[in-house]
Amino acid sequence: PIERAKGYKQLANTFGLTHQKVSERVGVGRTTITDFIRLLDLPPEIQADVGRQTIRVGHAMAILAVPNPKVRLALWQRVKNEDLSVRNLRIIVNAYLHPRGVATGVGRASQFKQFHSGNDPFLRECAEKLYRKLGIPVNIHHGKIGDKFIFGLISIEYSSEDDLQRILKIIG
């Protein structure tokens, strides 16, 4: 896939072609051309794994949805270490990109469960402890696929810059 991506990019650059024109010349869809060329935006180590087919192109495309390079590398490591399917990786990416709206984005993924301090007694207790410590509302969200923890998010609400500074002093 990486060699193919490099070939499409070289064809476009050498002859000054748009992705549409490249697609017409090689007989594949424009989105395929664009997606393959996007693979070249990945760090070299991820590109190498795509080239060796250690991870799938679907994994790579899901990782590309995340703008943060450090998070991309962390997701790549999770794919390798946890043998994540493309579907499960997409759920993780969606949860990362949309932590409050993840349930609507992955509602069709029947194994996915989202918990938050409003519907889980343990998380409610944790949020209450943080409230007592910080003196402000705290929300906790996390998601699981089956029994496997996928992501977590703690959000702290504050009403002013002074309030933020006070919270930062408490946290250290």
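See above for the structure.
Note that the coordinates shown come from a computational prediction; the quantities given were computed from them, not determined experimentally. (Residues numbered from 1 in each chain as written. Predicted model: local features only at pLDDT ≥ 70, side-chain atom pairs only at ≥ 80, totals over all residues. Heavy atoms only, no water.)

Asker: Summarise the overall build of the protein chain; cite the residues concerned and give the values.
Answerer: Of the regular secondary structure elements, the protein chain holds 10 helices and three strands. Ordered by position from the N terminus, the helices and strands of the protein chain form the series α-α-α-α-α-α-α-α-β-α-β-β-α. A burial count over the protein chain gives 37% of its 172 residues as buried. The long-range share in the protein chain, meaning contacts at least 24 apart out of those at least 6 apart in sequence, stands at 47%. With the model as given, the accessible surface of the protein chain reaches about 10,500 Å², and the carbon-plus-sulfur share is 52%. (Helix = DSSP H or I, 4+ residues; strand = E, 2+ residues; numbered from the N terminus. Buried < 20%, exposed > 50% of the residue type's maximum accessible area, 1.4 Å probe, protein only. Contact = heavy atoms within 4.5 Å. Areas by Shrake-Rupley, 256 points an atom, 1.4 Å probe, with all protein chains shown as cover.)

Asker: Describe the nonpolar core, with residues and values.
Answerer: Counting 29 residues, the largest nonpolar core has Leu 39, Leu 42, Ile 46, Ile 63, Leu 75 and Leu 89 as its most contacted members. If you list the elements that add at least two residues to this core, you get helix 1 (2-15), helix 3 (30-38), helix 4 (44-51), helix 5 (57-64), helix 6 (69-82) and helix 7 (86-97). What Ile 63 contacts, discounting residues up to four positions off in sequence, is Leu 42, Ile 46, Arg 72, Leu 75, Trp 76 and Leu 89. (Core = buried A, V, L, I, M, F, W, Y, C linked by side-chain atoms within 4.5 Å.)

Asker: Please provide a residue-by-residue account of the packing of helix 1 against helix 3, values included.
Answerer: In the contact formed by helix 1 and helix 3, the axes pass within 8 Å of each other and the chain directions differ by 110 degrees. When the axes of helix 1 and helix 3 are compared, the pair comes out roughly perpendicular. Pair helix 1 / helix 3 crosses with left-handed handedness. Together, Arg 4, Ala 5, Tyr 8 and Lys 9 of helix 1 and Thr 32, Ile 33, Phe 36 and Ile 37 of helix 3 make up the contact between the two elements. Across the contact of helix 1 with helix 3, the residue classes break down as five nonpolar, one polar and two charged. (Axes fitted to C-alpha atoms, helices over the stretch in contact; angles between N-to-C directions. Parallel < 35°, antiparallel > 145°, perpendicular 65-115°, else oblique. Left-handed = near helix turned anticlockwise from the far one by under 90°. Nonpolar A, V, L, I, M, F, W, Y, C, P; charged D, E, K, R; others polar.)

Asker: I'd like to hear about the packing of aromatic side chains, residue by residue, with values.
Answerer: Remark: the centre distance and the inter-plane angle together describe each pair of aromatic rings, the angle taken between the planes. A full pass over the atoms with the stated rule returns one aromatic pair. Summarising the aromatic geometry, the rings of Tyr 8 and Phe 36 are spaced 6.0 Å apart at their centres and angled 90 degrees between planes, so their arrangement reads as edge-to-face. Of this pair, Tyr 8 sits in helix 1 while Phe 36 sits in helix 3, and the two are 28 residues apart along the sequence. In this structure, Arg 4 is placed above the aromatic ring of Phe 36, and the distance from its NZ or CZ to the ring centre is 4.3 Å. (Phe/Tyr/Trp six-rings, centres within 6.5 Å; stacked < 30°, edge-to-face > 60°. Lys NZ or Arg CZ within 6 Å of the ring centre and 35° of its normal.)

Asker: I'd like a rundown of the environment of Ile 136, residues and numbers included.
Answerer: By secondary structure assignment, the location of Ile 136 is in the loop between helix 9 (121-134) and strand 2 (138-145). According to the relative accessible area criterion, Ile 136 is buried, its value standing at 6%. When the C-alpha positions of Ile 136 and Tyr 158 are compared, they lie 6.9 Å apart, and in sequence the two are 22 residues distant. Ignoring any residue separated from it by four or fewer positions in sequence, one finds Ile 136 in contact with Tyr 131, Ile 156, Glu 157, Asp 163, Arg 166 and Ile 167.

Asker: How would you summarise unusual backbone geometry if you had to cite specific residues and measurements?
Answerer: Positive phi values are uncommon outside glycine, yet Gln 53 reaches one of about 60 degrees. As for its placement among the helices and strands, Gln 53 is situated in the loop between helix 4 and helix 5. For Gln 53, a relative accessible area of 61% corresponds to the exposed category. Although it is not a glycine, Asp 83 adopts a positive phi angle of roughly 50 degrees. Note on placement: Asp 83 falls in the loop between helix 6 and helix 7.

Asker: Help me get a handle on the pattern of salt bridges, residues and values and all.
Answerer: Evaluation of the coordinates by the stated rule reveals six salt bridges. Note that Arg 52 and Asp 49 form a salt bridge whose closest N and O atoms lie 2.4 Å from each other. A network of salt bridges, in which partner residues are shared, links Asp 49, Arg 52 and Lys 80. (Salt bridge = Lys/Arg side-chain N within 4 Å of Asp/Glu carboxyl O.)

Keep in mind these values describe shape, not function.
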